[in-house]
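Single-letter residue listing:
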Amino acid sequence: MRLFSVKELSDLKEDTEVLLHGWVQETRTTKNLIFVVFRDHTGLAQLTIRRDSWNGIEVDNIPRESAISVSGTFMVHGKSKTGPEISPSKITILNIAGSPLPLAVSDPVNSDIETRLNNRFLDLRKREVGIIFRVESDLLWGIRKHMSQNGFTEVHTPKIVGTSTEGGSDLFAVRYFEKEAFLNQSPQLYKEILVSSGVNRVFEVGPAFRAEKHNTVRHLNEFTSIDIEMAFSDHNDAMVMLENAVRSGILEVSAGEREVKEALGVEVKVPEVPFPRITFEECVDYLSSKGMAHRDGEDFSPDELRIIGERFTGFYFITRWPASLRPFYTMPDPDDSNYTNSFDLQFRENEITSGAQRVHDPEMLRNRFLAKGLNPDDFSFYLEAFRYGMPPHAGWGLGLERLTMIVLGLKNIREATVFPRDRNRISP
RNA sequence: GCCCCGAUAGUGUAGCGGCCUAUCAUACGGGCCUGUCGAGCCCGUGACACGGGUUCAAAUCCCGUUCGGGGCGCCA
C-alpha cells in the first residue's frame, strides 16, 4: 500500500488502496456513519466509516488536530463535498492532541496575532497561514535562480562581528569570550571585500539584526536580507539585476497562483520590467506640487511616501539620493557630490530595497568615513581590501519578509515571519 | 527615544458606576436528529491581568505594576 497525499488522490481509480498521514480536523457522527475531515499538507479529504462494518479503533471522539495514519480505499463516487472520499480499513492515532486547542485551526473565530504567534505550530496548520511561507520559499527560489543564472556565487559571511557596519549604535552586543562583539546588521562590508577577492559577483541570503526599538508593522529586529554585490558595475547595472530578480521571484510564485488565490484571495501579478525610475529631487518637486514642503536633509516620511507611491501602480525606483542620507560607502554622483549613485526600490509607500554604486577608491572612502564622523582605523580590515585593485562595484540589500508582504498584500510583517523577533518577542 | 491605545471563559467578543450570582459566538462535555457538508436543536462546564484607592456600591472611575497593540523617528 502506497503513501499518498490528498492532492494526489483525485486521479486514482475506484477502490485503489491508499495510505495517508495527517491530522483530524473534525469528526461528525451519525447513527450509522462517522465522518472524519482529514487534512494533510496538501488539502482536505473525508474519511467515511460505516459503523456496522467497522472493526477498527473508536473514532467518534478523536480530539481535533490529533495526528493519524489512515489506510483505506479511494471512493471515486463518494458524496463528500470536503475533498476526496476514503473508506478506511484502519486508522492509527500517531499522537493525540490536547483539548481544548489554544487556537482555532478550523473554527470561524479569528485569533489575535499575539495568540497566533504564541501557538505558531497550530496557526501554521491553517491553510491561509501555511501558504504564506510556501510563497516566501518560492520567491526566494526564483531570486536564487536568477542570481545563479547571472553568475553570482552564494556566500555566507559572519553574523558575529567586532565592529558595526555603519558606525551606528543600533546593534545587539554579544559576549565573545573576553571580547565584546555584535550581531551584524548587514553583510555590506564583507560582500565588498569578496568583490575585491575576484569572486566577481556574490549574493547572500541571511539574517540581519537591528537593535532599534521600533514598534511598527513593517519592522523586525531580525529579518532575512538578500544581499548582492557585483564587480565592474554601477548602480544602473544593480537596478537592472534587482528588477529582474524580483520579477523572477514573483514568476516562481505565480506557478502556484490558483492556490494563493483560493487560500488568500490574492491575485499574484508578475510585474513588467523595467520598473519606473524617479529621482529624489523629482519626488521633492512632486510633493511641493501637492502642497507638501519636504524638509531639506531628511528622508521621506511615511505620509510623503504614500503621496509619492500613489503615482505608481507597483514597483518603482527612487534614485539619486542626497549624500547626507546615505552611508559612507555610497558613491557620490560624479556631477554633483551632494547626490549619490543610489536607489531605493519601493512598492507604493513601502521601501523594500536599498542599493547603490559603492566607493571603490580607498582615499575617497577614507574621506567619506571622516565626513560621516567615523574613524577609518576602526575599519582597517575593510579598507585594506581597497588598496590592491578593488574593482568598481555596486549592489543592494532586499528584505525578504517585506517582499512577501507586498506580493501577498499582508498588513503586518510578522505574518511573513515564522518566528518573528520584534520589540517584545524572543519566544517562540 | 517620543506619543497614543488596550487587557472580560480555550478562542473571539458585549458591557463603560447599581438592571452583571457578566452578553453572544465558537470550542469543550452530555443528549436528540442527520450521507453529513461553516449541519441543526436542547442541556451543561467555563472569564472581569495584578496591587492599591474613590464610592453606600466598581468589570465599569483614579493611581501604580505587569503584559501587549499601534504611530513617529530609523530602516529592509
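Scoring rules and cut-offs
- Residues numbered from 1 in each chain as written.
- Chains lettered and ligands numbered in written order.
- Predicted model: local features only at pLDDT ≥ 70, side-chain atom pairs only at ≥ 80, totals over all residues.
- Heavy atoms only, no water.
- Phe/Tyr/Trp six-rings, centres within 6.5 Å; stacked < 30°, edge-to-face > 60°.
- Helix = DSSP H or I, 4+ residues; strand = E, 2+ residues; numbered from the N terminus.
- Buried < 20%, exposed > 50% of the residue type's maximum accessible area, 1.4 Å probe, protein only.
- Near = heavy atom within 4 Å.
- Polar contact = N/O pair within 3.5 Å; in protein donor to acceptor, adjacent residues only side chain to side chain.
- Axes fitted to C-alpha atoms, helices over the stretch in contact; angles between N-to-C directions.
- Left-handed = near helix turned anticlockwise from the far one by under 90°.
- Contact = heavy atoms within 4.5 Å.
- Nonpolar A, V, L, I, M, F, W, Y, C, P; charged D, E, K, R; others polar.
- Salt bridge = Lys/Arg side-chain N within 4 Å of Asp/Glu carboxyl O.
- Pairing = 2+ DSSP bridges.
- Core = buried A, V, L, I, M, F, W, Y, C linked by side-chain atoms within 4.5 Å.
- Parallel < 35°, antiparallel > 145°, perpendicular 65-115°, else oblique.

Chemist: Report on the packing of aromatic side chains, specifying residues and quantitative values.
Modeler: Applying the stated criterion across every chain yields a total of 17 aromatic pairs. Aromatic pair Phe-275 and Phe-315: ring centres 5.0 Å apart, planes at 15°, arrangement stacked. Here Phe-275, found in the loop between helix 6 (257-264) and strand 13 (277-279), pairs with Phe-315, found in strand 14 (residues 315-319); they are 40 residues apart in sequence, far enough to count as distant. Under the relative-accessibility criterion, Phe-275 is labelled buried at 3%.

Chemist: Any details on the protein's contact with RNA strand B? Residues and values, ideally.
Modeler: Taken together, the neighbourhood of RNA strand B is formed by 53 residues, with Arg-28, Thr-30, Pro-108, Arg-210 and Lys-213 sitting nearest. Of all RNA strand B atoms lying within 4 Å of any protein atom, the proportion belonging to sugar or phosphate reaches 54%. At 2.5 Å from a phosphate oxygen of RNA strand B is found a side-chain nitrogen or oxygen belonging to Lys-213. Among the elements of the structure, strand 2 (17-29), strand 3 (33-40), strand 4 (43-50), helix 1 (113-118), helix 8 (302-309) and strand 18 (350-357) are those that each provide at least two residues to the surface near RNA strand B. Per element, the largest residue contribution to the surface near RNA strand B is four residues, and it comes from strand 18.

Chemist: Mind laying out the packing of helix 3 (residues 127-149) against helix 6, listing which residues take part and the relevant values?
Modeler: Helix 6 packs onto helix 3 with a crossing angle of 145° between their chain directions and a minimal axis gap of 9 Å. Once helix 3 is placed against helix 6, the crossing between them reads as left-handed. The segment helix 3 lies against helix 6, with Arg-127, Glu-128, Ile-131, Ile-132 and Val-135 engaging Glu-259, Val-260, Glu-262, Ala-263 and Leu-264. The class makeup of the residues in the contact of helix 3 with helix 6 is six nonpolar, no polar and four charged.

Chemist: Got a sec to walk through the side chain of Arg-116? Specific residues and values, please.
Modeler: By the secondary structure assignment, Arg-116 is in helix 1. Taking relative accessible area as the criterion, Arg-116 reaches 10% and is therefore assigned buried. Dropping the residues within four chain positions of it, Arg-116 is found in contact with Leu-103, Ser-111, Asp-123, Lys-126, Val-129 and Glu-415.

Chemist: Describe in detail the pattern of salt bridges, supporting the description with residues and values.
Modeler: Inspection of the entire model under this criterion finds 30 salt bridges. Measuring nitrogen to oxygen at the nearest pair gives 2.9 Å for the salt bridge that ties Lys-145 to Glu-252. Taken as a pair, Lys-145 in helix 3 and Glu-252 in helix 5 (residues 235-254) lie far apart in primary sequence, 107 residues in all. Close ionic contact of Arg-366 with Asp-377 constitutes a salt bridge, the shortest N to O distance being 4.0 Å. Here the residue Arg-366 occupies a position in helix 9 (residues 362-371), and Asp-377 occupies one in the loop between helix 9 and helix 10 (380-383), the gap between them amounting to eleven residues. Connected via shared salt-bridge partners are Arg-116, Arg-120, Asp-123, Lys-126 and Glu-415.

Chemist: Lay out the sheet that holds strand 8 (residues 160-161) with the relevant residues and their values.
Modeler: The strand order across the open sheet formed by three strands is 8-10-9, and the pairing between neighbours is antiparallel. The open sheet terminates on both sides in strands that have one partner only, identified here as strand 8 and strand 9 (173-176).

Chemist: Can you lay out the nonpolar core for me, pointing to particular residues and giving the numbers?
Modeler: The nonpolar side chains of a soluble globular protein tend to be buried with one another. Met-147, Val-246, Phe-315, Trp-396 and Leu-403 are the most contacted members of the largest nonpolar core, which totals 49 residues. A per-element tally of this core places helix 3 first, with nine residues. What Val-246 contacts, discounting residues up to four positions off in sequence, is Phe-275, Phe-315, Leu-345, Leu-398 and Leu-403. Val-6, Ile-49, Ile-68 and Ile-91 belong to the second largest nonpolar core, which has 21 residues in total.

Chemist: Could you give an account of the environment of Arg-51, with specific residues and numbers?
Modeler: Topologically, Arg-51 is positioned in the loop between strand 4 and strand 5 (67-75). Linking Arg-51 and His-77, residues 26 residues apart in sequence, is a C-alpha distance of 20 Å. Discounting chain neighbours no more than four positions away, the residues touching Arg-51 are Thr-29, Thr-30, Lys-31, Asn-32, Leu-33, Ile-34 and Asp-60. At a separation of 3.0 Å, a polar atom in the side chain of Arg-51 contacts the main-chain carbonyl oxygen of Lys-31.

Chemist: Would you mind going over the packing of helix 3 against helix 5 in detail, with residue names and values included?
Modeler: Look at helix 3 against helix 5: their axes get within 7 Å of each other, and the N-to-C directions meet at 135°. By the angle class used here, helix 3 and helix 5 are oblique. The way helix 3 lies across helix 5 gives a crossing that is right-handed. When helix 3 is examined against helix 5, the residues Val-135, Asp-138, Leu-139, Trp-141, Gly-142, Ile-143, Lys-145, His-146 and Met-147 are found in contact with a partner set consisting of Met-241, Asn-244, Ala-245, Ser-248, Gly-249, Ile-250, Glu-252 and Val-253. A class-by-class count of the residues in the contact of helix 3 with helix 5 yields nine nonpolar, five polar and three charged.

Chemist: So what about the environment of Gln-357? Which residues, and what values?
Modeler: Along the chain, the position of Gln-357 falls in strand 18. For the pair Gln-357 and Asn-341, spaced 16 residues apart in sequence, the C-alpha to C-alpha distance is 5.6 Å. Residues within four places of Gln-357 in sequence aside, it is in contact with Ser-233, Asp-234, His-235, Tyr-329, Thr-330, Met-331, Asn-341, His-393 and Ala-394.

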